[in-house]
Structure formats: structure tokens, C-alpha cells
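Residue-level structural notes
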Amino acid sequence: MPSTPFLSGAPRPETQDGVFSREEVALANRNSGILLETLGLDITPTGAHYLLTHFDVPILDDRDFQLSLDGAFDAPMRLGMDDIRAMPEVTEPVTMECAGNGREGVSPRAHLMPWMYEAVGTSEWTGTLLAPLLKAAQPRADVQDFVFTGADYGFDKGHPHHFARSLTPDQIAELDVMLVWSMNGLPLLPQHGAPLRIIVPGWYGMASVKWLTRIDAQTERFQGYQQQQGYHYRTQSGDAGLPIQRILVKSLMRPPGVPDWVTRKRWLKAGQVELDGRAWSGGAVPIARVEVFLNGDWHEADLTGATGRYAWTGWRIAWDATPGVHHIMCRATDADGHTQPMQASYDVAGFGNNSVHRIEVHVADAE
Ligand SMILES: Nc1nc2c(c(=O)[nH]1)N[C@H]1C(S)=C(S)[C@@H](COP(=O)(O)O)O[C@H]1N2
Ligand SMILES: [Mo]
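Everything in this summary refers to the structure shown in the same document.

What counts, and where the lines are drawn
- One numbering rule holds for all chains: residues counted from 1, following each sequence as written.
- Here every chain gets a letter starting at A, and every ligand a number starting at 1, in the order they are written.
- Two thresholds apply to this predicted model, a pLDDT of at least 70 for residue-level local features and 80 or more for giving and counting side-chain atom pairs, whereas whole-chain, interface and lining totals are computed over all residues.
- Just so you know, side-chain values use all the structure's heavy atoms and leave hydrogens and water out.
- By convention in this text, a residue qualifies as near a molecule or strand provided that one of its non-hydrogen atoms is within 4 Å of it.
- For the purposes of these results, a polar contact is taken to be a pair of N or O atoms within 3.5 Å, where, inside protein, one atom must be able to donate a hydrogen and its partner to accept one; residues adjacent in sequence count only when each atom of the pair is a side-chain atom.
- Throughout, the Shrake-Rupley method with a 1.4 Å probe supplies accessible areas, and for residues the shown protein chains are the sole cover considered.
- For this classification, the nonpolar set comprises Ala, Val, Leu, Ile, Met, Phe, Trp, Tyr, Cys and Pro, the charged set comprises Asp, Glu, Lys and Arg, and every other residue, Gly included, is treated as polar.
- For two strands to be treated as a pair, DSSP must find no fewer than two bridges joining them.
- Here a helix means four or more residues in a row that DSSP labels H or I, a strand means two or more in a row labelled E, and each is numbered from the N terminus.
- Nine residue types can take part in a nonpolar core, namely buried Ala, Val, Leu, Ile, Met, Phe, Trp, Tyr and Cys, and a core is a set of them joined through side-chain atoms within 4.5 Å.
- Under the scheme applied here, a residue whose accessible area is under 20% of the maximum for its type counts as buried, over 50% as exposed, and between as partly exposed, the area being computed with a 1.4 Å probe on protein chains only.
- Residue ranges for the domains trace back to a domain assignment, done automatically or taken from a database.
- The contact criterion used throughout is that any non-hydrogen atoms of two residues lie within 4.5 Å.
- Residues qualify for a patch when their relative accessible area is over 30% and they have no salt bridge, like charges being joined within 9 Å and the nonpolar side chains of Val, Leu, Ile, Met, Phe, Trp and Tyr within 5 Å.
- Salt bridge, as used here, is a side-chain nitrogen of Lys or Arg placed within 4 Å of a carboxyl oxygen of Asp or Glu.
- Where helices are involved, their axes are fitted lines through C-alpha atoms of the stretch in contact, as for all axes, and angles between N-to-C directions lie from 0 to 180°.

**Considerations on the site of ligand 1**
In the vicinity of ligand 1 there are 19 residues, among which Y50, H54, D152, H192 and K210 approach most closely. At 2.6 Å from an oxygen atom of ligand 1 is found a side-chain nitrogen or oxygen belonging to K210. Compared with its free state, where it exposes 540 Å², ligand 1 has 100% of that area covered by protein. Class assignment for the residues of the shell around ligand 1 results in ten nonpolar, six polar and three charged.

Shown next, in the form of C-alpha cells:
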């Protein structure tokens, strides 16, 4: 390949807390987050689900689309969308979150997509379970990784590649990975992976490869950029790091009252207010409790039920709002006993920041 600036892998610019570069703003314009007011719904409205696309959205034609299962399979396959849609159908609500959600709150901030709180959403995904399809293709006994490759291609830190991720045979056996063609009862939208993607319930979003065109069975471990270099927790750059997998416990609050257009600070009148939101954790671990910090103390919220085994749980709490400025917070604890920290431990790329959600609320005297 001829020499281009994209192959240099030059270090990314340093950042300043609260000041955003033109490149970060451009990324934020492409990769939208949910509107926090939609936290009032069990299922995120389709157009309001967050988006994270590294390269460009490929526009694939459903009619001549093919998924190939190749490599160390004894019965390799090529399947069209009609073959795939004829497979046994399952529908499952799944909460998906980007591993970079919360990056903006990590200091010093990595020069990447500057998510605050909003890179999460819950959709009802329809497709077929992946494990029986892999089995039908007869993977050889010495397979170490199944590699899932998307049609999208580009550069990251000097590495040209198709977006690709892998899962081991043990992970395939343990996770209810779905091959998905529909979201909330409609065909997948181009930006969410049309016509076909995988969903890896309970893991951060990077595992759920969009625009899936190939599944390769490999007899050695996959070394792809998004698997081996990207998506690792690292306290220092250059560390080998730990691969990012399960979603960490987290909660968000539906912002109460009404906002100031630009600052997003909240305004409401003193008196009884109902606060609510959602909480979730990875690996199908249920939410055990949600606490809300009000009037100087943590108070236990009521849980209103999970949307699904792999989907978030609603919570609510009554608040007698008194005049003044309040910084309200929520924090969840999952059934494994993990609680959201006040401040997450440092990660160089700002991954896995599951610290508490804070909102500034201005309460006015009731007339
Ligand atoms: N092919 C491909 N798949 C991908 C990505 C991508 O850039 N290309 N981004 C991943 C990341 S990091 C996330 S968080 C989810 C986001 O899925 P969504 O845009 O449908 O919300 O898709 C994952 N799958
Ligand atoms: Mo992501």
C-alpha cells in the first residue's frame, strides 16, 4: 500500500478537560447518544438508540447479500438473507452500551468519541441463535476463535482493517449470541448493521459486529486490531491490558423538571417529585438495588422490574424537593455485589467509566 498519513499511527492529541476539538465534535455529530428523557420507556425508540460506527456505514443490498462461514469448518456455507430469515426465530430485549460511554468524565480524556452518559439503549432484537448455525457448519475440534468480520473498512492508529471481533468456542457456548436482522419489529436500519449483525448480550457493544459478512473459524487466536489492540482496559498506554467483555453495573436517571436549552441544567418547582431511571449490569446479572442521593443522603429506590434477562431494570423514588440547588445522583448495585463507584478507576482510553450519574437541579419556591 502506498504511504499515506493514515498509516503513520501518530499519537492522538492531548486533551483539556471540558474543551473539545473539532475532531471530537465531528465524531459526536456522527455517533449520537440516546436522549435521556427516553429512559422513561422500556424500549428505546429505534431512531433514538445510540450509534457507534468507526468507519463509514456500508450500504448493503439485501438481495445479493451473502454471509460466508469459512476456514476451519468441515461444512462451510454461503447463505443469503432468505436462508437466514428461514432459521428458527427468537426475539430478545437487550441493553447495549458502548465501552467508551462516560469517557468525557475520565481525566485526562482520551481524544476519541467524547461520550458523556448517553451511549446506551435497549432494543428488541429479532434473529436466530448463532450457536446452532456454527454447529451446522461443523467447526473442527481444534478451532480456537470464530472471527466475525463487518463490511466496513478503514484506518485506526495506522492499522488498515475491516472491523472484526472474535469469540472463542467456550464463549459461544456460554453467551446467547444472536444473528440479528430486525430491531424493534422493523428491518435493521443501515446505521445499526443492515442487513445482518450479531448481538452479544451482556457484553459491551464492540462485540456486536454490524454488517456481518464473514464468520471464519480459526485454529489459532485472532490477532485483529479491534480484538488485540483496541478494547482493552489499560492504566498506562503500552500495557498489554485486559480485554473488555462484560458490561459493568450502571444506572441513569431521567432528568427531572425542564432544562435550560444550552446548559441542560434542570429547573423544577418545590414539592413532591417522582424521579425515575434505569439500571443494568452485564452477563445477565440482575440489579439488586438502586440508591439515589437526595438532601445529603442515599435513599433506596423501588425497582419496577427488568425489561428482560439481558435488559435494564426500571427504578423510581419520590422526592420532596426543597428550594435551592441540588446535585442528585443515582448508583446501582448488582446481584454479584458490585456497586457503581463515585469515580471510576483511570483508564487511558476512558473505557468502562461506570461512575454515578449526577444531575444539577434548581428547585424554585412553589407559588
Ligand atoms: N462492523 C462494525 N460493527 C460494530 C462497530 C463498527 O464500527 N463496525 N462498532 C461497535 C461498537 S464499538 C458498538 S458500541 C456497537 C454500536 O452499535 P449501534 O451503533 O447499533 O448502537 O456496534 C459495534 N459493532
Ligand atoms: Mo462501542
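Next comes the rest of the write-up.
**As for the sheet that holds strand β15 (residues 266–269)**
Note on sheets: strands pair through backbone hydrogen bonds, and any given pair is parallel or antiparallel. Strand order in this open sheet of six strands is β14-β15-β22-β21-β17-β18, and the pairing throughout is mixed. Unpaired on one side and paired on the other, β14 (258–259) and β18 (297–300) mark the two borders of the sheet. Where β15 lies against strand β22 (residues 357–364), four bridges are found, and the strand directions are parallel. Along β22, the bridge assignment pairs L268 with V363.

**Examining the nonpolar core**
Among the nonpolar cores identified, the biggest contains 48 residues, and L67, L69, I84, L130, F148, L179 and I215 are the most heavily contacted of them. Those elements that place two or more of their residues in this core are β1 (67–71), α2 (81–85), α3 (130–136), β5 (145–156), β6 (159–167), β7 (178–183) and β10 (212–218). When residues of this core are sorted by domain, at least three fall in each of domain 1 (22–243) and domain 2 (250–364). For I215, the contacting residues outside a window of four places in its chain are L67, S68, L69, D70, F73, L130, L134, V147 and F148. Formed by 22 residues, the second largest nonpolar core is a distinct cluster that contains I287, I317, I359 and V361.

**Here's the deal with a nonpolar patch on the surface**
The grouping of F6, L7 and F155 at the surface amounts to a nonpolar patch, some 260 Å² of accessible area in total. Position of F155 among the secondary structure elements: in strand β5. The class of F155 is partly exposed, set by a relative accessible area of 32%.

**Looking at the environment of D83**
With respect to the helices and strands, D83 occurs in helix α2. Along the backbone, D83 and Y153 are 70 residues apart, and their C-alpha atoms lie at a distance of 26 Å. Of the polar contacts made by the side chain of D83, one reaches the backbone nitrogen of G80; its length is 2.8 Å.

**Section: the pattern of salt bridges**
Applying the stated criterion across every chain yields a total of 18 salt bridges. Between K265 and E360 there is a salt bridge; the shortest N-O distance is 3.6 Å. On the criterion of sequence distance, the pair formed by K265 in the loop between β14 and β15 and E360 in strand β22 is long-range, its members being 95 residues apart. Given a relative accessible area of 37%, K265 falls into the partly exposed group. Its relative accessible area of 23% is what places E360 among the partly exposed residues. When salt bridges that share partners are traced, they join R289, E291, E300 and R331 into one network.

**Focus on the sheet that holds strand β2 (residues 77–79)**
Spatially, five strands are ordered β2-β1-β10-β5-β6 in an open sheet, and the strand pairing comes out mixed. Sheet topology places β2 and β6 at the edges, where each strand pairs with a single neighbour. If you compare each strand with its neighbour and ignore which way they point, the axes differ by 25° on average. Relative to β10, β5 is paired through six bridges, and the arrangement is antiparallel. Counted as the bridge partner of D145 is Q218 from β10.

That is the geometry; function is a separate question.
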